[in-house]
Amino acid sequence: MDLDSLLIVGSAVKRLKMFPCFDFAHYILMCLTVRDDYHPQIASGGSSQAFSRVHPLSSWVGSMMMCFSGGILGSFLLGEPLIAPFRNGRDVLLATGIWYFINYSPFDFLHKLCVFTPVTAVICSLKEVHRANKVYHAVLFALKTFPGAYILVAIYGVLKGSAATHMRLFQRLVCGVWQPSSIEILKPCVMTKASTVAVILFLLDFTGYVDIDETLLYLAIVAFFLAVHFLTFFGVDPFAPFENLFCSVFMGGIMDAVNRARKQSSQPVETSSKGRTTTNGRKSKEE
């Protein structure tokens, strides 16, 4: 494919409207995440549907928190009311309808359809286009709101791109599960790392440090998100080799390895200096 064709495709992808298809896919994934997440009913041997049967209000509130997590966290950073993302009644009604049919459809049909692998692949593909759009507009907005504050711009962009993973701790709390060890900062997921890379690339391009056509960069970020997401289906973290190398060089990994090797090499010397034993079990005298 030549450059002109890539520009046409990139321009078409960049102009895509998120409502309704891409928002629809996002809401489906968020409601599935809440339903299939850890709950006391699942731990006791019940089905994932049991929680929404017993606690429908908690299930709905948790699902709405996940569906609008980007707006909630963005409002928190900007000092705006946290309920501001819910002022669009159309989006709330759409998310509520999806939550209802995910949890209460006859014969659990919609849930079974959405977790069917080919359908899941399509939904996840739409979600990654949605993620790229959120990151792109978040960086543009943050640069206008915080001109020159590149760290704040990066934080805002990463949170908008991976808001659901950061909201998970509070969503679980609403559903009666307190797991502080699941906070995203302790162990960032793959898509949080991918969002960080995308934010850095967009930021370098918008500030003029890297001269890349904006349309091509947007298309490349979409393809990057799709590739990373589908690698996670096979349990592959493409960032792991770079993280291991970085930690080994700059986070003390090399020194830790040297210290372990030095301790292991000194152990045989210490044991040999304690003396040898004779065949009858008594220690031989050292001259």
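Figured I'd write up the structure that's included with this text. (Residues numbered from 1 in each chain as written. Predicted model: local features only at pLDDT ≥ 70, side-chain atom pairs only at ≥ 80, totals over all residues. Heavy atoms only, no water.)

What follows is about a nonpolar patch on the surface. A contiguous nonpolar patch, built from L245, F246, V249, F250, M251, I254 and V258 and spanning about 730 Å² of accessible area, is present on the exposed surface. Elements that contribute at least two residues to the nonpolar patch include exactly α14 (240-250) and α15 (253-272). Relative to the helices and strands, F246 resides in helix α14. (Patch = residues over 30% accessible without salt bridge, like charges linked within 9 Å, V, L, I, M, F, W, Y side chains within 5 Å. Areas by Shrake-Rupley, 256 points an atom, 1.4 Å probe, with all protein chains shown as cover. Salt bridge = Lys/Arg side-chain N within 4 Å of Asp/Glu carboxyl O. Helix = DSSP H or I, 4+ residues; strand = E, 2+ residues; numbered from the N terminus.)

Another point: the packing of helix α5 (residues 56-67) against helix α11 (residues 163-174). One way to put it is that α5 packs onto α11 with a least axis distance of 9 Å and a crossing angle of 165°. Between α5 and α11, the crossing angle belongs to the class labelled roughly antiparallel. As α5 packs across α11, the resulting crossing turns out to be right-handed. Residues S58, V61, G62, M65 and M66 of α5 pack against A164, M167, R168, F170, Q171 and V174 of α11. For the contact of α5 with α11, the per-class residue count stands at seven nonpolar, three polar and one charged. (Axes fitted to C-alpha atoms, helices over the stretch in contact; angles between N-to-C directions. Parallel < 35°, antiparallel > 145°, perpendicular 65-115°, else oblique. Left-handed = near helix turned anticlockwise from the far one by under 90°. Contact = heavy atoms within 4.5 Å. Nonpolar A, V, L, I, M, F, W, Y, C, P; charged D, E, K, R; others polar.)

The first and last C-alpha atoms of helix α7 (residues 89-104) sit 22 Å apart over 16 residues, in line with the 22 Å expected at 1.5 Å per residue. Considering only its buried residues, α7 is in contact with α2 (21-35), α4 (49-54), α5 and α8 (109-114). Measuring from the backbone nitrogen of R90 back to the side-chain oxygen at the start of α7 gives 3.2 Å, which picks out N88 as the cap. (Expected span 1.5 Å × (residues − 1). Polar contact = N/O pair within 3.5 Å; in protein donor to acceptor, adjacent residues only side chain to side chain.)

Scanning the entire structure with this criterion turns up 14 aromatic pairs. Relative to F225, the ring of F224 lies with its centre 6.0 Å away and its plane at 35°, an arrangement referred to as tilted. A residue is classified by how much of its surface remains accessible, and F224, at 25% relative accessible area, is partly exposed. Residue F225 is classed as buried on the basis of its relative accessible area, which comes to 0%. Taking 5.1 Å as the distance between ring centres and 40° as the angle between the ring planes, the aromatic pair formed by F246 and F250 counts as tilted. Here F246 pairs with F250, and both are found in helix α14, just four residues apart, close to one helical turn. Ring pairs connect the aromatic residues W99, Y100, F101 and Y104, which therefore count as one cluster. Sitting over the face of the ring of F19, R90 holds its NZ or CZ atom 3.6 Å from the ring centroid. (Phe/Tyr/Trp six-rings, centres within 6.5 Å; stacked < 30°, edge-to-face > 60°. Buried < 20%, exposed > 50% of the residue type's maximum accessible area, 1.4 Å probe, protein only. Lys NZ or Arg CZ within 6 Å of the ring centre and 35° of its normal.)

So, about the side chain of H130. Tracing the backbone through its elements, the reader meets H130 in helix α9 (residues 117-145). Separated by 3.1 Å, the side chains of H130 and D23 make a polar contact. Apart from the residues lying within four places of it in its own chain, the contact partners of H130 are M18, F22, D23 and H26.

You can see L113 is positioned in helix α8. For L113, a relative accessible area of 35% puts it in the partly exposed group. Residues L113 and I102, spaced eleven residues apart in sequence, show a C-alpha to C-alpha distance of 9.6 Å.

For the structure shown, the criterion picks out seven salt bridges. Of the charged contacts, one joins D108 and R35 as a salt bridge, the two residues approaching to 2.7 Å between their closest N and O atoms. Of this pair, D108 sits in the loop between α7 and α8 while R35 is found in helix α2, placing the two residues 73 residues apart along the sequence. D108 sits in the buried class, given a relative accessible area of 12%. Exposure remark for R35: the relative accessible area of 5% places this residue in the buried category. Of the charged contacts in the structure, one is a salt bridge between R172 and D37, with a shortest N-O distance of 2.8 Å. Remark: D37 occurs in the loop between α2 and α3 (40-43) and R172 occurs in helix α11; sequence separation between them is 135 residues.

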